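Residues per chain, in single letters:
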Amino acid sequence: RLQKGFEMDLEPQLSGRVAIVTGASSGLGAHFARLLAEHGAAVAITARRVERIEDLAGRLRADGHRAIALALDVADAASIGPTLDKVQEELGPLGILVNNAGMGGEGMALDVSIEDFDATFAVNVRGTFFAAREAARRMLASGTEGRIINIASIASHTVLPGLSAYCGSKAAVAMLTRSMAREWARSRIAVNALCPGYIETAINDAWWPTDGGQRQLKGFPRRRLMEASDLGTASMMLAGPAASAMTGSVITVDDGQSLPGGG
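Here the structure is a predicted model, which means the values were calculated and not measured.

Account for the nonpolar core, naming residues and giving values.
Counting residues in hydrophobic clusters, the biggest one holds 37 residues, and the most contacted among them are Leu-36 and Ile-45. Sorting the residues of this core by element identifies strand E1 (18-21), helix H1 (27-38), strand E2 (42-47), helix H2 (50-62), strand E4 (96-99), strand E5 (146-151), helix H7 (232-239) and strand E7 (250-253) as the ones contributing at least two each. Ranked by residue count, the leading element in this core is H1, at seven residues. The residues touching Leu-36, leaving out its near neighbours within four places in the chain, are Leu-14, Ala-19, Val-21, Ala-41, Val-43, Ile-96, Val-98, Met-236 and Ala-239. Counting 29 residues, the second largest nonpolar core, distinct from the first, contains Ala-101, Val-123, Leu-176 and Ala-181.

So, in structure tokens, the structure goes:
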């Protein structure tokens, strides 16, 4: 049986789809870009650090995938639409957005500066909102059945000490996900959020070897960090035909890190 817009019984499941990943110069974004390509999608890899995404796009093309690299800072909302237009000019109608760009926003509430607070919300909230909106506009214009995956965090529903601005921004992402899902449900655009637990990335890799980082690890039920690969099944489910009846979902994949208790 075929679901309109997808070939459900054929592999790779995203063949013929066009995807864009924001914040894909390293870590989760780069991982999502590779997964999308391996599942058959043509992928636009975007980030501020162009040299890194150009290298990743080159490696994907060498493996036989369609991939391009484009500079994009989602904090510059005016640049998002033209970047998506370029994606469509080079790859075709946009069908999948992985809204991955984000920043940490570290600092106790009494200490975080106005500038750091604003920067966190500019990327994590405003950037997520306008990237999703511009993607949805193009999906609606082309009649494409769309998938928007907002990368939130366990911080959207769990207090992470010393990260009040970050927690607030990710809680906003979770609610934006549900709001946009409601608005676009009848237009065949599914909007869902993925809430990962702690994975070692460039944002946090200096923390884990410290005494505080080691104490935090010991408080996790399984006393370990997750791997980026742990998000593969959930993210590709939300990107593909399995999400045909899913929208407005906020899915936690965290190895039990947000469970109460620990130690």
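Next comes the rest of the write-up.
Explain the pattern of salt bridges to me, using residue names and the numbers behind them.
Following the criterion strictly, the structure yields 10 salt bridges and no others. Taking the shortest distance from any N to any O, the salt bridge between Glu-134 and Arg-133 comes out at 3.9 Å. A relative accessible area of 30% places Arg-133 in the partly exposed class. For Arg-222, the salt bridge identified is with Asp-255, shortest N-O distance 2.9 Å.

Can you lay out the sheet that holds strand E3 (residues 67-71) for me, pointing to particular residues and giving the numbers?
Strands sit in the order E3-E2-E1-E4-E5-E6-E7 across an open sheet of seven strands; the sheet is parallel. Whereas interior strands pair on both sides, the edge strands pair on one side only; in this sheet they are E3 and E7. When strand polarity is set aside, the average angle formed by the axes of neighbouring strands in this sheet is 20°. Direction of pairing for E1 relative to E4: parallel, over a ladder of three bridges. Bridge pairing in E4 places Ala-19 opposite Ile-96. Of the strands in this sheet, E2 and E3 are in contact with H2, which crosses E3 at around 175°. Together, E4, E5, strand E6 (189-196) and E7 form the strand contacts of H7, whose direction differs from that of E5 by roughly 145°.

Tell me about helix H4 (residues 114-142), and name the residues and values.
Across its 29 residues, H4 extends 40 Å between first and last C-alpha, which sits within 8% of the 42 Å expected from 1.5 Å per residue. The largest bend in H4 is about 35°, located at Ala-122. Looking one or two residues beyond H4, the residue adopting positive phi is Gly-143, at roughly 75°.

Can you tell me about the packing of aromatic side chains, naming the residues and giving the values?
Within a pair of aromatic rings, the relevant descriptors are the distance that separates the centres and the angle that separates the planes. Applying the stated criterion to the full structure yields five aromatic pairs. When the ring of Tyr-198 is compared with that of Trp-208, the centres are 5.1 Å apart and the planes differ by 80°; the resulting orientation is edge-to-face. A residue pair is termed long-range when its members are at least 10 positions apart, and Tyr-198 in the loop between E6 and helix H6 (211-219) and Trp-208 in the loop between E6 and H6 qualify at 10 residues. Taking relative accessible area as the criterion, Tyr-198 reaches 14% and is therefore assigned buried.

A description of helix H3 (residues 80-91) should follow, citing residues and the corresponding values.
Here H3 spans 16 Å end to end across 12 residues, near enough to the 16 Å set by a 1.5 Å rise per residue. Residues of H3 that are buried include every one of Ile-80, Gly-81, Thr-83, Leu-84, Val-87 and Leu-91, and no others. Buried residues along H3 cover an arc of 160° about the axis, so they all sit on one side. Structural note: H3 exposes Pro-82 and Glu-89 on the side pointing more than 90 degrees away from its buried face.

I'd love a proper account of the side chain of Thr-46, names of residues and values included.
Mapped onto the fold, Thr-46 is located in strand E2. Only 2.8 Å separates the side chain of Thr-46 from the backbone oxygen of Val-21, close enough to count as a polar contact. The contact partners of Thr-46, leaving out residues within four places of it in the chain, are Ile-20, Val-21, Thr-22, Gly-23, Ala-24, Ile-53, Leu-70, Leu-72 and Thr-83.

What counts and how
- Residues numbered from 1 in each chain as written.
- Predicted model: local features only at pLDDT ≥ 70, side-chain atom pairs only at ≥ 80, totals over all residues.
- Heavy atoms only, no water.
- Core = buried A, V, L, I, M, F, W, Y, C linked by side-chain atoms within 4.5 Å.
- Buried < 20%, exposed > 50% of the residue type's maximum accessible area, 1.4 Å probe, protein only.
- Helix = DSSP H or I, 4+ residues; strand = E, 2+ residues; numbered from the N terminus.
- Contact = heavy atoms within 4.5 Å.
- Salt bridge = Lys/Arg side-chain N within 4 Å of Asp/Glu carboxyl O.
- Pairing = 2+ DSSP bridges.
- Axes fitted to C-alpha atoms, helices over the stretch in contact; angles between N-to-C directions.
- Expected span 1.5 Å × (residues − 1).
- Bend = angle between axes of the 7 residues up to and from the residue.
- Phe/Tyr/Trp six-rings, centres within 6.5 Å; stacked < 30°, edge-to-face > 60°.
- Arc of directions from axis to C-beta.
- Polar contact = N/O pair within 3.5 Å; in protein donor to acceptor, adjacent residues only side chain to side chain.

Worth remembering: the numbers are spatial, not functional.
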